[in-house]
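Now for the letters of each chain:
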Amino acid sequence: MAGNALRGLLLIIASSLISLAVAQDQIPQLTRIDVEAANIQLDGFLDEPVWDRIPAFDGMRVINPDTLAETPYQTDIRVFYTERGIYVGVKNHQPEDTLVALMTPRDTQLNRDGFVVGVDASGEGLWGFFLRINLGDSMTDMSILPERQLNLQWDGAWNARTQPLEDGWSVEYYIPWSMMPLPAVESSRRIGFYFERQVGSIGGEAWSNPPLPRTVNEFLSAFMKFGLRDIEPRRQLTYYPFVSTVFDAIRHDNDPRVGADIYWRPTTNTLLSATLNPDFGTVIADDVIINLTAFEQFFPERRVFFQEGQDIFNNTSPRTRGGRGPGGPIQILNTRRIGGAAEFDVPDGVSVVPTDLSQPTDLFGAARIAGQSGNLRYGALIASEDDPEIQGTLEDGTPVGIQAIGRDFFVGRLLYEDTSGGGRRQIGWMGTMLDHPNEDSTVNALDLHYFSADNRFVVDTQFLHSDNHGVTGQGFTGDFNYRPRRGVQHTLSATYFDDTFDMNEMGFLTRNDQANLNYSFNLVESDVPGIRFRSTRIFTSNEWNTDGHPVRMGLFFNRDYQFNNFDNVNFGIQYFPRRIDDRLGRGTGDWVVPDRFGFRAGYQSNVSEPFAWNINLDVSQEDLGPMTTEGRGGITIRPSDRFSLDLQLRYEDREALLVHRGGGNYTSFESHSWSPRLEVNYFITARQRLRFTTQWTGLKAFEDMFYVVNPAVKERLHAVPNPDDTPDDFVISRMTFQARYRWEIAPLSDLFVVYTRGANLPRNSFFSFQDLLEQSWNDRIVEQVAIMLRYRFGS
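Just so we're clear, the structure is a prediction, and the values are computed from it rather than from any experiment. (Residues numbered from 1 in each chain as written. Predicted model: local features only at pLDDT ≥ 70, side-chain atom pairs only at ≥ 80, totals over all residues. Heavy atoms only, no water.)

Draft legend 1. Quick peek at the side chain of R559. Looking at where R559 falls in the secondary structure, it is placed in strand β30 (residues 550–563). Setting aside chain neighbours within four positions, we find R559 in contact with R534, S535, T536, V569, N570 and F571. (Helix = DSSP H or I, 4+ residues; strand = E, 2+ residues; numbered from the N terminus. Contact = heavy atoms within 4.5 Å.)

Here it is in structure tokens:
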């Protein structure tokens, strides 16, 4: 019997192997061409003889709006590969007078003529890349994680060119194997492709093959699969030396720097990277934001080394990755902490420049590894800060050096993935550790992910544990998505963090001490007569602290319409039930916020037109009950494909801006604020750009009412008389101006010349708003010119 069982087991194994081989043979095979025979000159013209040898296919269907209808214009797609990479050639048929070519900065999303190649490098829907080229050669690229988690921070070493034609436009892609991890295989491998086309003349309508509208759960796993043979890219070494210098007109000094980023791929599925003496001086300014809340403001990563290769360290759901303010994001790794401002111990009697205390910390270096072995993916990151030093002065003017101790950071990640039998199952671990004499923090997380084979159910969960100097905490996040049919989605989200959980030494969490259960319903309808589509979202927020008190409650109804002329209108109604505020007083006592209402509405014209405009109005109640009115509007002018001007203006009138004055005492202010933002872009060529941005926020607040909290009873704040004769009126006036020249010499090789100017006026600067704007320009506290050259060498 044992012999029969063994023979039966061998027959099952042999049958499985044969079925797998047959399935592999049934996958369409891409054409392989020798590099010398291809002889492609990447210029957008499909005039090389090799393109005539490659069969063309179309198969496009309309996915935005979600009709899946046949397309009015033909699209001819051709794909082949060499031992160095993938080539894609596309002829987009359409009348010449309908072409829409608009040049924009990289990763700008705008309605125009464009084409997308999506690549599932894993062949199993586990990781991929989204590569878009627009008519005029402006590029957008993202990395993709299941199913549709798009990371705009990623930039790849691919290249493409476009050409307008009498009967449409054409595009050529070159996608090198060296830019993507590939699973280790014995001989043949498979790869997934997705093709998308956007037509600007019909409102940015999108078509794709395979047709995968956003109203379905599946995306990356549903890419068309193709077979490839004889591909085993050689070991690849890429390095990016850079030289930079920063001239500081305030301190009258110069900071030159030389360093390099190094990327080595010893195998197709392993990448080692390091940065030596990195230059983390920003060439992109953060937004100007006035934050008077008790919650930290989140800012995205802008440094190249920490933008690349970070997908392995994503262990959360799309819901917890996005968002700002209360409720998100939730990130166990926030790389903005690495090289952040140091904690200086400033002695009594020593004065320092405030901006010195907020300066980023230089790094000795950082290193990262990411790889795969079978179904297991892994990653690790280490970084070490320098010991920063700033200059202070004694009361008699004597200079004094003040030094802090740099920190060391460690991150580890393991992820097991299984796609056998359809769908996807994942289980992973991620840990972070910060080492410093005054700080000792570790966080560990276990994450589980499930995507059903019928594409209806998606589950993402994680269990977290933190330890800060022996103080431990627990946390959990969970998201359950159910999509019974195309266009309908139900989402149930749960979050729990106890009051001792803390991961903000290396991660980001808006608040601990929370237990939440939220639900949202989303409906997209593309068959409504007289309009292109209508979307509806109903959302309930039920967020409590661990003492059982509601801290963030709400019921929201939002509706958006797109008309046949591609204009958009939206409105929303909000209801906020009674809740407790347990954060603004910083531990001096909780108090009751009464129930409130809100309303918003907005209109946006067709953004692909040479002149576009938008207007928005938000009306809601403050925590104390009086009204807040916010108006936003703007215009965008594009008289040619090379020039654009975007002006946005925000005005806010608040009747009861509440500020905690310490000790449980509060003051409400009548406040008015103006926030204009101007951006001007001029493209000398598609690879050379001049960009000017100005952001200013001016706020004037005048004291109105005075309150005190009763820490013994949870009730509304008590009004009290003015405690003193000194007014607490204040002004905030902050400005950032940046003029930037960028020349993309080659893929991922750039020359930057950047002038930055910034101001933050004293709080007693009571001028008119016009004078505040002028004074902010004149009374600068930051004025720098940065020059940086970064060039890519290697395979």
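Next comes the rest of the description.
Draft legend 2. Expanded view of the confidence of the model for the protein. Of the residues in the protein, 93% have a pLDDT of 70 or more, and the chain-wide mean is 89. Counting contacts from residues 323–327, a segment whose pLDDT is below 50, to residues more than four positions away or on other chains yields 13 contacts. (pLDDT = per-residue confidence, 0-100.)

Draft legend 3. Structural view of the sheet that holds strand β3 (residues 75–81). Taken in spatial order, the five strands make up an open sheet running β1-β3-β4-β10-β9, and their pairing is mixed. A strand with exactly one partner marks an edge of an open sheet, and here the two such strands are β1 (31–32) and β9 (159–165). Sheet topology places strand β4 (residues 85–93) next to strand β10 (residues 168–176); nine bridges connect them, and they run antiparallel. Across the sheet, G85 pairs through a bridge with P176, a residue of β10. (Pairing = 2+ DSSP bridges.)

Draft legend 4. Representation of the side chain of S441 in the model. Along the polypeptide, S441 turns up in strand β24 (residues 439–451). Relative accessible area serves as the criterion here: at 4%, S441 is assigned to the buried category. For S441, the side chain forms a polar contact with the side chain of N468, separated by 2.8 Å. Setting aside residues up to four positions removed in sequence, S441 forms contacts with T432, M433, L434, D467, N468 and E505. (Buried < 20%, exposed > 50% of the residue type's maximum accessible area, 1.4 Å probe, protein only. Polar contact = N/O pair within 3.5 Å; in protein donor to acceptor, adjacent residues only side chain to side chain.)

Draft legend 5. Expanded view of the pattern of salt bridges. Counted under the stated rule, the structure contains 39 salt bridges. A salt bridge links E147 to R424; the shortest N-O distance between them is 2.9 Å. Of this pair, E147 sits in the loop between β7 (139–145) and β8 (149–151) while R424 sits in strand β23 (residues 424–436), and the two are 277 residues apart along the sequence. Like E147, the residue R424 is buried in the burial classification. Among the salt bridges present, the one from R677 reaches E679, with a minimum N-O distance of 3.2 Å. It is possible to trace a salt-bridge network through shared partners that takes in D618, E630, R632, R650 and E652. (Salt bridge = Lys/Arg side-chain N within 4 Å of Asp/Glu carboxyl O.)

Draft legend 6. Seen up close, the sheet that holds strand β20 (residues 389–394). A sheet is described by the order of its strands in space; here three strands give the open sequence β17-β20-β21, paired in antiparallel fashion. Where the open sheet ends on each side, the last strands, each with one partner, are β17 (350–352) and β21 (399–403). Direction aside, neighbouring strands of the sheet carry axes that sit 45 degrees apart on average. Relative to β21, β20 runs antiparallel, the two being bridged by five bridges. Directly across from Q391, in β21, lies its bridge partner G401. (Axes fitted to C-alpha atoms, helices over the stretch in contact; angles between N-to-C directions.)

Draft legend 7. Structural context of helix α7 (residues 769–778). Those residues of α7 that sit buried are F769, L772 and S776. For α7, the angular spread of the buried residues around the axis is 50 degrees, confining them to a single face. Packing partners of the buried residues in α7 comprise β38 (665–685), β39 (688–708), β41 (730–746) and β42 (749–760). (Arc of directions from axis to C-beta.)

Draft legend 8. A look at the environment of I86. Following the sequence through the fold, I86 ends up in strand β4. When the C-alpha atoms of I86 and R61 are compared, they prove to be 24 Å apart, with 25 residues separating the residues in sequence. Setting aside residues no more than four positions away along its own chain, I86 makes contact with V79, F80, Y81, Y173, Y174, I175, W177, I191 and F193.

Draft legend 9. Up close: the pairing of β3. Of all seven residues making up β3, six are buried, and the element is well covered by its neighbours. Note: β1 against β3, two bridges, orientation parallel. Bridging from a neighbouring strand, T31 pairs with F80 of β3. Bridging between β3 and β4 involves seven bridges; their strand directions are antiparallel. Within β4, the position partnered with F80 by the bridge is Y87.

Draft legend 10. Highlighting the environment of D43. Considering the arrangement of structural elements, one finds D43 in the loop between α2 (35–38) and α3 (50–53). Overall, D43 belongs to the buried group, its relative accessible area being 19%. Discounting residues that sit within four places of it in the chain, D43 has contacts with E48, R161, T162, Q163 and E172.

Draft legend 11. Fine view of a nonpolar patch on the surface. A surface patch of nonpolar side chains, about 860 Å² in accessible area, is lined by L237, Y239, V243, V258, W264, W743, I745, L789, Y791 and F793. Taken together, the elements giving at least two residues each to the nonpolar patch come down to β14 (236–248), β15 (253–267) and β41. By residue number, the principal contributor to the nonpolar patch is β14, which donates three residues. Residue placement: V243 occurs in strand β14. Judged by relative accessible area, which is 43%, V243 ranks as partly exposed. (Patch = residues over 30% accessible without salt bridge, like charges linked within 9 Å, V, L, I, M, F, W, Y side chains within 5 Å. Areas by Shrake-Rupley, 256 points an atom, 1.4 Å probe, with all protein chains shown as cover.)

Draft legend 12. Layout of the packing of aromatic side chains. Going through the model one piece at a time under the given rule, you end up with 34 aromatic pairs. The interplanar angle of 15 degrees and the centroid separation of 5.3 Å between the aromatic rings of Y194 and F223 together place this pair among those described as stacked. With a gap of 29 residues between them, Y194 in strand β11 (residues 189–199) and F223 in the loop between β12 (205–209) and β13 (224–228) connect regions that are remote in the sequence. Assessed through its relative accessible area of 1%, Y194 is described here as buried. Ring geometry for Y651 versus W674: centroids 4.5 Å apart, planes at 45 degrees, classification tilted. Here Y651, found in strand β37 (residues 643–662), pairs with W674, found in strand β38; they are 23 residues apart in sequence, far enough to count as distant. Connected via pairs of aromatic rings, a cluster forms that spans F57, F115, F193, F195 and F226. Positioned over the ring face of W777 is R757, at 4.2 Å from the centre of the ring. Above the ring of Y240, the side-chain terminus of R790 is found at 4.1 Å from the ring centroid. (Phe/Tyr/Trp six-rings, centres within 6.5 Å; stacked < 30°, edge-to-face > 60°. Lys NZ or Arg CZ within 6 Å of the ring centre and 35° of its normal.)

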